[in-house]
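This is what each chain is made of:
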Amino acid sequence: DGSCFGTSNYDTSSGIGFKAYDGQCWKFFLENGQLKISKNDTPYELTSENFNVNSFDVTVSGDESEKQPKVTIFMEIEGQGAAPQPKLKIQTTVSQRNLNI
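Please read these numbers as outputs of a predicted model, since none were measured by experiment.

Basis of the calculations
Residues numbered from 1 in each chain as written. Predicted model: local features only at pLDDT ≥ 70, side-chain atom pairs only at ≥ 80, totals over all residues. Heavy atoms only, no water. Phe/Tyr/Trp six-rings, centres within 6.5 Å; stacked < 30°, edge-to-face > 60°. Buried < 20%, exposed > 50% of the residue type's maximum accessible area, 1.4 Å probe, protein only. Helix = DSSP H or I, 4+ residues; strand = E, 2+ residues; numbered from the N terminus.

Asker: How would you explain the packing of aromatic side chains if you had to name every residue and give the values?
Answerer: In total, this model carries 3 aromatic pairs according to the counting rule given. When the centroid spacing of 6.1 Å and the interplanar angle of 45° are considered together, the rings of F18 and W26 count as tilted. Overall, the relative accessible area of 15% leaves W26 in the buried class. Consider the rings of F18 and F28, whose centres lie 6.2 Å apart with planes at 20°: the pair is stacked. Here the residue F18 occupies a position in strand 2 (residues 16–19), and F28 occupies one in strand 3 (residues 25–31), the gap between them amounting to 10 residues. Here F18 falls in the partly exposed class, since its relative accessible area comes to 27%.

Encoded structure:
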């Protein structure tokens, strides 16, 4: 209904934001190496201080009339510590499904 992001159903300007099933405006974003979620403008940390999120990218494709868009999320996470830490790269793609049964 555009109540969270103007006339759009979502926002990808700095992470991903959307109106959730419960009517709240949710936004996932990267801030100071931490992945966070904001629900109705109240932020919460999702990642431990033991990790640094080096990158968090969101790409939306196929957002056209009569099509179901896909959202691809990519993150690179690295452990914090004195010794060199491995980097973990995570990527997933999700889409809404029309389940008319």
